[in-house]
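Coordinate analysis (summary)
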Amino acid sequence: MDIEEVHKLDPELLQLPTGLSVKSNPLIAEELFSHWLSLPDTSRLVKSLIDDTKSSTPVSISKNCANLNIACGSALPSLFLNSGTPPLSPRGSPRFSRQKTSPFSLQSPLRSLREPKPQLIPQFYFQHGPPPAKELQEQCLSMVDHLFSDFIDGLRMDGDVSIHLNLFPSVMNSQTAELILQLHFCHFPIAEFKTVTKEVCKLPSFLSSLLFRKIDVDSTGIVTRDAFIKYWVDGHMLAMDVASQIYNILRQPGCEYLRQADFKPVLDELLTTHPGLEFLRNTPEFQERYAETVIYRIFYYINRSGTGCITLRELKRGNLVAAMQQVDEEDDINKVIRYFSYEHFYVIYCRFWELDGDHDFLIDKENLLKYGNHALTYRIVDRIFSQVPRKFTSKVEGKMSYEDFAYFILAEEDKSSEPSLEYWFKCIDLDGDGVISPNEMQFFYEEQLHRMECITQEPVLFEDILCQIFDMIKPEARKENCITLKDLKASKLSRNVFNILFNLNKFMAFETRDPFLIRQERENPTLTEWDRFAQREYVRLSMEEDEVSNGSADVWDEPLESPF
């Protein structure tokens, strides 16, 4: 034994008397080791280990160690009979029971060898989500087998009859040709695949076409049972939540986000199949405008980063999935007020049509100043057209497109929503330092004050307005006399701040506490400001449309036909 390894010996196992240190007396260790080697039991032990090794017999360490302990227990105490201190008990001593984990302890025969059992840590990360429960997978396979049992060759996707009319002679009546094609395609079980989408996948039925194309990667027009299982079960789709399933169905291969074009096939199928939109089937132009408006509303509320690309996280945080499921269950499209309501589209489109005097589908500053009966100030309109709150999609300088207007009207008519607060905060924050200062508020309020004087309305001094604003918002940095976006989002009265600064009509309604608006809010507390505005405007536009149809009035700026 090397002198350097002497200190590794455990004095407790050696049962050395008090005051005798192995570290300070290395010769004692050598003497002990020599004495141990001379013992008969040690010789038998070494010989037994050598024999077992030669005969390839498994070595019983515990047995040999037990024999070794007996030998040591009978021999070591005899070395210290004159020390005056009795040895420690080899078993039962608290000091003896302490676990030693040094590397030498696994090699020394003076130690008890007890290896801990390895603990298996269960897998907690799954790249595609945790695997589905066995019962869920069995239930899914059972339903698939049942639905595909009558279609051994697979399910086919129904074709669009209108695109095949050119196959028939021109002399044939178009209605007759369409009827023949319908009879020809009637054996294509599109209804069965929609059942797969709804019952097996638990997804809205208007995702059927897109799901079909995702599975039918080779564009064969057929989805077999094995192909469906490969995509839905083996492809880990079954284990995902509904938002992740829709996200993966909509997005393009290799993309980690959703673009506006990814929603177009979904809206096309919705317009074709939903009973609440059946009246639009003969007006393809308005079908396209409806689809565009729905997509703009989706990106306005869901794409909070403003990048034009919806991520999976944004999709999960929004309420789009719930709205899509509601659309699939509700025959009246107007009852789905989130994103899909036709009445809401009608209000947005008609408001744009009223402002677009030359109907080139672009509006300028002068057009926007007419909005809401000239409710907005010149300064806030200048900020909008400076594209500070949002870059225009219009390619014509100084012009706002229909998409830009959709974002504007949603922000203007519902200033309590977070996208609206962010939109108008950027407008008021002139220096872009992330806070609204009293000077910036005064800059916008000066024009309001001048307009009140022009209509002989008793003006309200800015000092009084400033105190009122701070009392409503209660900003955290009150001592610095500034308001942050966080302060506005934390207050329920934030919408009034912006109305005070640049919308005179809404400012006056707030000052007079319009009883009609108060009653409307109490009757429908779950509706947003936008919902109530769209409700009022649709009634007004419908009445004006009736008057135009009856020839009793002309509500348009020019004697042009109504867009609907």
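Per an unreviewed UniProt entry, the protein chain is named EF-hand domain-containing protein, and its organism is Brassica napus.

1. Some thoughts on the overall build of the protein chain
Helix and strand content of the protein chain: 27 helices and 4 strands. Scored against the burial criterion, the 564 residues of the protein chain give a buried share of 42%. Expressed as a percentage of contacts within the protein chain between residues at least 6 apart in sequence, the contacts between residues at least 24 apart total 63%. Total accessible area on the protein chain is roughly 32200 Å²; 54% of this is exposed by carbon and sulfur atoms.

2. Some points on the environment of M237
Turning to its location among the elements, M237 is positioned in the loop between helix 9 (225-232) and helix 10 (242-250). For the pair formed by M237 and P132, sequence separation is 105 residues and the distance between their alpha carbons is 9.6 Å. Residue contacts for M237: discarding those within four places in its chain leaves Y231, W232, Q245, N248 and I249.

3. Some details on the UniProt feature "domain: EF-hand" (unreviewed entry) in the protein chain
With numbering aligned to this structure, UniProt lists the feature "domain: EF-hand" (unreviewed entry) at residues 416-451. Each end of residues 416-451 is marked by a C-alpha atom, and these two atoms are 25 Å apart; helix forms 69% of the span and strand 6%.

4. Focus on the packing of helix 21 (residues 438-454) against helix 24 (residues 494-502)
When two helices pack together, their arrangement is given by the angle between the helix axes and by the axis-to-axis distance. The geometry of helix 21 relative to helix 24 is characterised by a closest axis approach of 6 Å and an angle of 60° between their N-to-C directions. When the axes of helix 21 and helix 24 are compared, the pair comes out oblique. Packed against helix 21, whose contacting residues are M441, F444, Y445, Q448 and R451, the element helix 24 presents N499, I500, L501 and F502 at the interface. Class assignment of the residues belonging to the contact of helix 21 with helix 24 gives a composition of 6 nonpolar, 2 polar and 1 charged.

5. Examining the packing of aromatic side chains
Under the counting rule described, the total for this entry stands at 36 aromatic pairs. Taken together, a centroid distance of 6.3 Å and an interplanar angle of 15° make the contact between F228 and W232 stacked. Taken together, the residues span about one helical turn, with F228 and W232 both in helix 9 at a distance of 4 residues. Take W232: its relative accessible area is 0%, and that puts it in the buried class. Ring centres of F263 and F299 lie 5.8 Å apart, and the angle between their planes is 80°; this geometry places the pair in the edge-to-face category.

6. What to know about the confidence of the model for the protein chain
When pLDDT is averaged along the protein chain, the result is 80; 75% of the residues meet or exceed 70. The lowest-confidence element of the protein chain is helix 6 (residues 174-185), averaging 40 in pLDDT; the highest-confidence one is helix 19 (residues 402-413), averaging 97. The model gives residues 70-85 a pLDDT under 50, and that stretch makes 21 contacts with residues more than four places away or in other chains. Low confidence marks residues 92-106, where pLDDT is under 50. Its contacts with residues over four positions away, or in another chain, come to 15 contacts.

7. Some thoughts on the pattern of salt bridges
In total, this model carries 31 salt bridges according to the counting rule given. D364 is the salt-bridge partner of K399, the closest N and O atoms lying 3.9 Å from each other. Here K399, found in the loop between helix 18 (378-385) and helix 19, pairs with D364, found in the loop between helix 15 (342-355) and helix 16 (365-369); they are 35 residues apart in sequence, far enough to count as distant. What makes D364 partly exposed here is its relative accessible area of 23%. Here the residues in one salt-bridge network are R351, E354, E537, R540 and E544, joined through shared partners.

8. Let's talk about unusual backbone geometry
Positive phi is not limited to glycine here, since S219 has a value of about 55°. Here S219 lies in the loop between helix 8 (208-215) and strand 2 (222-223). The backbone of N373 shows a phi angle near 60°, a positive value even though the residue is not glycine. In this structure, N373 sits in helix 17 (residues 371-374).

9. Quick notes on the side chain of D328
Checked against the element boundaries, D328 lands in helix 14 (residues 320-329). Taking relative accessible area as the criterion, D328 reaches 17% and is therefore assigned buried. At 2.5 Å, the side chain of D328 forms a polar contact with the side chain of S205. The contacts of D328, once residues within four sequence positions are left out, are K198, L203, P204, S205 and F206.

10. Here's the deal with the nonpolar core
By size, the foremost hydrophobic cluster in this structure holds 122 residues, and its most contacted members are Y290, F340 and L368. Setting aside its immediate chain neighbours within four residues, F340 contacts L267, L270, Y290, V294, R297, L320, A323, M324, V327 and I333.

11. Thoughts on the environment of I469
Along the chain, I469 turns up in helix 22 (residues 462-473). Expressed as a C-alpha distance, the spacing of I469 and I500, which sit 31 residues apart in the sequence, is 8.9 Å. If we ignore the near neighbours within four places in the chain, the residues touching I469 are M441, I483, V497, I500 and L501.

12. A look at the environment of L312
Mapped onto the fold, L312 is located in helix 13 (residues 312-317). It is 8.3 Å that separates the C-alpha atoms of L312 and L258, two residues lying 54 residues apart in sequence. Beyond its immediate sequence surroundings of up to four residues, L312 is in contact with A243, S244 and Y247.

13. Some thoughts on a nonpolar patch on the surface
On the surface, I121, F124 and Y125 cluster together to form a nonpolar patch covering roughly 470 Å² of accessible area. If you trace the backbone, F124 turns up in the loop between helix 4 (61-75) and helix 5 (134-148). Of the residues examined, F124 reaches a relative accessible area of 73% and is grouped as exposed.

14. A few points about the side chain of T293
Along the chain, T293 falls in helix 12 (residues 284-302). Residue classification places T293 among the buried positions, given a relative accessible area of 1%. The contact partners of T293, leaving out residues within four places of it in the chain, are F345, I348 and Y402.

15. Some remarks on helix 9
Of all the positions in helix 9, only F228, I229, Y231 and W232 are classed as buried. The arc that holds every buried residue of helix 9, seen down its axis, measures 165°, which confines them to one face. Pointing more than 90 degrees away from the buried face of helix 9 are the exposed residues D226 and K230.

What counts as what
- Residues numbered from 1 in each chain as written.
- Predicted model: local features only at pLDDT ≥ 70, side-chain atom pairs only at ≥ 80, totals over all residues.
- Heavy atoms only, no water.
- Helix = DSSP H or I, 4+ residues; strand = E, 2+ residues; numbered from the N terminus.
- Buried < 20%, exposed > 50% of the residue type's maximum accessible area, 1.4 Å probe, protein only.
- Contact = heavy atoms within 4.5 Å.
- Areas by Shrake-Rupley, 256 points an atom, 1.4 Å probe, with all protein chains shown as cover.
- UniProt positions renumbered as here; feature names shortened; annotations may be inferred.
- Axes fitted to C-alpha atoms, helices over the stretch in contact; angles between N-to-C directions.
- Parallel < 35°, antiparallel > 145°, perpendicular 65-115°, else oblique.
- Nonpolar A, V, L, I, M, F, W, Y, C, P; charged D, E, K, R; others polar.
- Phe/Tyr/Trp six-rings, centres within 6.5 Å; stacked < 30°, edge-to-face > 60°.
- pLDDT = per-residue confidence, 0-100.
- Salt bridge = Lys/Arg side-chain N within 4 Å of Asp/Glu carboxyl O.
- Polar contact = N/O pair within 3.5 Å; in protein donor to acceptor, adjacent residues only side chain to side chain.
- Core = buried A, V, L, I, M, F, W, Y, C linked by side-chain atoms within 4.5 Å.
- Patch = residues over 30% accessible without salt bridge, like charges linked within 9 Å, V, L, I, M, F, W, Y side chains within 5 Å.
- Arc of directions from axis to C-beta.

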